[in-house]
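What follows is the residue order along each chain.
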Amino acid sequence: MNENLNVKEILEWYLTAGVDETCGDEPFALRQEKTDAKVISTQIPKQIEPLKKIEETPRLATTELAQATVSACQNARELCKKAETIAALKELVEGFDGCSLKLTANKTVFGYGNEHAKLLLIGEAPGADEDRSGIPFVGRSGQLLEKMLNAVGVKREECFITNVLPWRPPGNRTPTEGEIAVCLPFLKRQIELVNPEIIMILGGSAANALLDNGEPISKLRGKWLEYKTQEGKKIPVLASFHPAYLLRNSGQKAKAWVDMLRMKQKLCNS
Ligand code: URA
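The rules behind these values
Residues numbered from 1 in each chain as written. Predicted model: local features only at pLDDT ≥ 70, side-chain atom pairs only at ≥ 80, totals over all residues. Heavy atoms only, no water. Helix = DSSP H or I, 4+ residues; strand = E, 2+ residues; numbered from the N terminus. Expected span 1.5 Å × (residues − 1). Buried < 20%, exposed > 50% of the residue type's maximum accessible area, 1.4 Å probe, protein only. Arc of directions from axis to C-beta. Core = buried A, V, L, I, M, F, W, Y, C linked by side-chain atoms within 4.5 Å. Contact = heavy atoms within 4.5 Å. Near = heavy atom within 4 Å. Polar contact = N/O pair within 3.5 Å; in protein donor to acceptor, adjacent residues only side chain to side chain. Areas by Shrake-Rupley, 256 points an atom, 1.4 Å probe, with all protein chains shown as cover. Phe/Tyr/Trp six-rings, centres within 6.5 Å; stacked < 30°, edge-to-face > 60°.

1. A short note on helix 11 (residues 253-269)
Okay, so step 1: Given a rise of 1.5 Å per residue, 17 residues ought to cover 24 Å, and the 24 Å separating the end C-alpha atoms of helix 11 matches this to within 8%.
Okay, so step 2: Those residues of helix 11 that fall on the buried side of the exposure criterion are Ala256, Asp259, Met260, Met263 and Leu267. The buried side chains of helix 11 occupy one side of the element, clustering within an arc of 100° when seen end-on. Opposite its buried face, helix 11 presents the exposed residues Ala254, Gln265, Cys268 and Asn269, each directed more than 90 degrees away.

2. Here's the deal with the nonpolar core
Okay, so step 1: Ranked by internal contacts, the top residues of the largest apolar core, which has 63 residues, are Phe96, Leu119, Ile122, Leu149, Ile191, Ile199 and Met263.
Okay, so step 2: Top element by residues in this core is helix 7 (residues 177-194). It accounts for eight residues.
Okay, so step 3: In contact with Leu149, not counting residues within four places along its chain, are Leu119, Leu121, Val154, Cys159, Met260 and Met263.

3. Things to note about the site of the ligand
Okay, so step 1: In the neighbourhood of the ligand, the contacting residues comprise Gly123, Glu124, Ala125, Pro126, Glu130, Pro136, Phe137, Asn163 and His242.
Okay, so step 2: Take Glu124: an N or O atom from its main chain is 2.9 Å from an oxygen atom of the ligand.
Okay, so step 3: Relative to its free-state accessible area of 240 Å², the ligand is covered by the protein chains to the extent of 93%.

4. Brief notes about the packing of aromatic side chains
Okay, so step 1: Under the criterion given, the structure shown has two aromatic pairs.
Okay, so step 2: Ring plane angle 75° and centroid distance 5.0 Å describe the contact between Phe96 and Phe186, whose orientation is recorded as edge-to-face. Within this pair, whereas Phe96 is found in the loop between helix 3 (86-94) and helix 4 (101-104), its partner Phe186 is found in helix 7, the two being separated by 90 residues in sequence. Exposure class is identical for Phe96 and Phe186. Each is buried.
Okay, so step 3: Ring plane angle 35° and centroid distance 5.1 Å describe the contact between Phe241 and Tyr245, whose orientation is recorded as tilted.
Okay, so step 4: Since its relative accessible area comes to 27%, Tyr245 is described here as partly exposed.

Distances and angles like these do not, on their own, reveal function.
Below, the structure written as structure tokens:
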């Protein structure tokens, strides 16, 4: 290691790379083989071997990844068919190994709250606080969400709150399309089992995933949309800004307030 680097610089470098917390006192390499660990030499070899022809390797890797994603989606859908209750589904999701996000996450953050809720709220993915506790929306975004709900007379305990992804993407990076596709069956099954009157989606990424469109949240928010379950039930959906976005852009809170009032009005009429 370069001796001129100080600890502050090293930590900043880690943060930039998305490593923002430790999970143990001893460092370890997640991908390193348990046996026969190789020591990587920092010395430059005297004779550099000529590059081997790699031919089709990159395309093969892409295909393998796509195939793995397709079969993980299929597994997820099959598992969902077996789950007749929220508790059973939670157990199946916790035991599911088809999404690599699970490797870096501390906990599976499954939906939480009233299993018979009229209002189901959907966020994007757990953050650091949720990853530690295993409960969705408990960090700063969650606290703002709770205040917004309370302001229109809705208690958090009345709702069921979940995310598109049950595992935190490292460093809160944007989830890939493959990760979303693999986890979507679990979200859809939660919707079927809770069977809410209204769905409120928080943020563009979650809205795009569930509604399967690419519209920006600025266009989607504030109007009643519809989600159709596999069983054919049509559920009114209202998309709004993600609380994390509102924490950074307080000027948009007025629109989010309008959305909350709209949601509450529908809830009262349902
Ligand atoms: N942001 C989300 O989208 N979900 C959480 O659970 C927390 C923060």
